[in-house]
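Here is how the chains run, residue by residue.
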Amino acid sequence: MNSFRDNLRKITPYVPGEQSKEKDIVKINANENPYPPSPKAVEALKSFNTDTLRFYPNANANILKEALAEYYGVGVKNVFVGNGSDDVLALAFQSFFCGELPIAYPDITYSFYPVWCDLFNIPYKTYPLGEDFRINIEDYKEPNGGVVIPNPNAPTSLGEGEDFIRKLLEYNRDSVVIIDEAYVDFGVYSSVKLTEEYDNLLVTGTFSKSRSLAGMRIGFAIGSAELIGVLEAVKNSYNSYTVDSLSIDMGIASIKDDEYFKETINKVIATRERVTNELRSLGFEVLDSQTNFILATHEGYNMKELFDYLKTKKVFIRYFSLPRIEKYVRVTIGTDDEMDRFLCEVKSFTEGK
Ligand code: PMP
């Protein structure tokens, strides 16, 4: 007997960090920014003319693209925008990875990549990170159908410099290389400039982390006019208006407030360094983060137990029950007060052992 159920898509989705509505929690589990968005973005929201909502948003979100183009020193034709960088990345996977060879990415990386590969039937091959959780660049010499790497990588928090990216691009002149720069603003080299030299390079970015606008869902990509053109064509075969009018206005206001942007980034970095040092002094091993989160472990304690314990204290961090990182926890950098509460509960966990 045939059933409509035979025709339903069977897929295992990506699971984001828990979004609890509980009061008085320390939510450091989804790499969100603990500081509010730019006051200029908030002003854009408050002065938003709701009458304009009758109309579709600005065609191709061009005014947001212009602001991004000016900020990054590229042409408007080199900019693509979408509903968060997950949307941009999902479109890029569909647009650029249509070959027969498997695409390449590290074994420990953003766990959405295998989900998109399954969804879009893209063959893939993962290359193991070294013992130190670094990417072995020589692995990416092997012929492939494309490459995607976050820089800095997540959840390892480790970033790579220009030499590494150039080598990667030299080894992969015939593949599209996507560098996912979701966390780049917290202290690592950005490959945006290289898009002028390499027409097979696409760099993706987001307003969710460094710009405190995860709730507005604004993502973007920078690349050659050719790659951007293909992304536009695929997007326009699917949903023409992925960025709404309010997001466009708030995104522009945020981009134009560089002072506030730098101020919040510096605060997050300073707190990250302090928390890293304090955890190390408690005997934790903490990777040298270049992001707004840290990956930490301790030889003497079970990290799943620490995760569960902290949850009972209303401190939400992230634990991945995945090979090679099941001995670690990922902790987003919150405000100083939030991190003090986190550190205090970590101490009470270790003392109770
Ligand atoms: N890339 C990486 C590596 C991420 O961790 C995230 C956040 N989960 C994203 C992309 C997507 O972020 P957003 O869709 O909020 O832009």
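Everything below is about the structure shown above.
Residues numbered from 1 in each chain as written. Predicted model: local features only at pLDDT ≥ 70, side-chain atom pairs only at ≥ 80, totals over all residues. Heavy atoms only, no water.

J.: Any chance you could break down the nonpolar core for me, citing the residues and the numbers?
T.: Within the largest apolar cluster, 52 residues are counted, with the highest numbers of intra-cluster contacts made by Leu-64, Leu-68 and Phe-133. When residues in this core are grouped by element, the largest group, 6 residues, is from helix α7 (residues 245-255). Here Leu-64 is in contact with Val-81, Phe-207, Ile-218, Val-243, Ile-248, Gly-251 and Ile-252, once residues within four sequence places are set aside. In terms of nonpolar packing, the next biggest core, distinct from the first, is built from 33 residues, Ile-265, Phe-342, Val-346 and Phe-349 among them. (Core = buried A, V, L, I, M, F, W, Y, C linked by side-chain atoms within 4.5 Å. Buried < 20%, exposed > 50% of the residue type's maximum accessible area, 1.4 Å probe, protein only. Helix = DSSP H or I, 4+ residues; strand = E, 2+ residues; numbered from the N terminus. Contact = heavy atoms within 4.5 Å.)

J.: A description of the side chain of Thr-206 should follow, citing residues and the corresponding values.
T.: Note on placement: Thr-206 falls in strand β7 (residues 201-206). Separated by 2.9 Å, the side chain of Thr-206 and the backbone nitrogen of Ser-208 make a polar contact. Those residues in contact with Thr-206 that sit more than four places away from it in its chain are Ser-85, Ala-182, Ile-218, Gly-219 and Phe-220. (Polar contact = N/O pair within 3.5 Å; in protein donor to acceptor, adjacent residues only side chain to side chain.)

J.: Can you tell me about the packing of aromatic side chains, naming the residues and giving the values?
T.: The full count for this structure, using the stated rule, is 23 aromatic pairs. Seen from their ring centres, Tyr-72 and Phe-220 are 5.5 Å apart, and the 35° between their planes marks the pair as tilted. Separated by 148 residues along the polypeptide, Tyr-72 in helix α2 (residues 62-72) and Phe-220 in strand β8 (residues 219-223) bring together distant segments of the chain. Of the two residues examined, Tyr-72 and Phe-220, each falls in the buried class. Between Tyr-127 and Tyr-140, the ring centres sit 5.2 Å apart and the planes meet at 55°, which makes this aromatic pair tilted. Of this pair, Tyr-127 sits in strand β4 (residues 124-127) while Tyr-140 is found in the loop between β4 and β5 (147-150), placing the two residues 13 residues apart along the sequence. An identical accessibility class is assigned to Tyr-127 and Tyr-140; each is buried. (Phe/Tyr/Trp six-rings, centres within 6.5 Å; stacked < 30°, edge-to-face > 60°.)

J.: Describe the site of the ligand, naming the residues involved and giving the relevant values.
T.: As a structural note, the neighbourhood of the ligand is formed by 13 residues, with Ser-85, Asp-180, Tyr-183, Thr-206 and Ser-208 the closest of them. In this structure, a nitrogen atom belonging to the ligand sits 3.1 Å away from a side-chain N or O atom of Tyr-110. Separating an oxygen atom of the ligand from a side-chain N or O atom of Ser-208 is a distance of 2.6 Å. About the coverage of the ligand: the protein hides 92% of its 400 Å² of free accessible area. (Near = heavy atom within 4 Å. Areas by Shrake-Rupley, 256 points an atom, 1.4 Å probe, with all protein chains shown as cover.)

J.: I'd like to hear about unusual backbone geometry, residue by residue, with values.
T.: Residue Pro-152 is reached from Asn-151 by a cis peptide bond, and omega for that bond is 0°. Relative to the assigned elements, Pro-152 resides in the loop between β5 and α5 (162-171). A cis geometry characterises the amide bond from Ala-154 onward to Pro-155, with omega recorded as 5°. Tracing the backbone shows Pro-155 in the loop between β5 and α5. Here Ser-157, not a glycine, exhibits a phi torsion of approximately 80°, which is positive.

J.: A description of α2 should follow, citing residues and the corresponding values.
T.: Quick reminder: α-helices carry 3.6 residues per turn. Residues three or four places apart thus point the same way. Inspection of α2 places Leu-64, Lys-65, Ala-67, Leu-68, Ala-69 and Tyr-72 among the buried residues, and these make up the whole buried set. Buried-residue contacts for α2 involve β2 (79-82), β8, α6 (225-235) and α7. Positive phi appears at Gly-73, one or two residues downstream of α2, with a value of about 65°.

J.: Can you lay out the pattern of salt bridges for me, pointing to particular residues and giving the numbers?
T.: This structure, assessed with the given rule, holds 21 salt bridges. Arg-166 serves as the salt-bridge partner of Glu-162, at 2.9 Å between the closest nitrogen and oxygen. Of this pair, Glu-162 and Arg-166 both sit in helix α5, 4 residues apart, roughly one helical turn. Between Asp-340 and Arg-274 there is a salt bridge whose closest N-O contact spans 3.0 Å. Here Asp-340, found in helix α10 (residues 336-351), pairs with Arg-274, found in helix α8 (residues 258-281); they are 66 residues apart in sequence, far enough to count as distant. (Salt bridge = Lys/Arg side-chain N within 4 Å of Asp/Glu carboxyl O.)

J.: I'd like to hear about the sheet that holds strand β12 (residues 329-332), residue by residue, with values.
T.: With antiparallel pairing, 3 strands are arranged side by side in an open sheet as β9-β10-β12. Strands with a single pairing partner mark the edges of an open sheet, and in this sheet they are β9 (285-286) and β12. The pairing of strand β10 (residues 293-297) with β12 spans 4 bridges and is antiparallel. Residue pairing for β12: Ala-296 is matched across the bridge by Val-329. Together, β9 and β10 form the strand contacts of α8, whose direction differs from that of β10 by roughly 5°. (Pairing = 2+ DSSP bridges. Axes fitted to C-alpha atoms, helices over the stretch in contact; angles between N-to-C directions.)

That is the geometry; function is a separate question.
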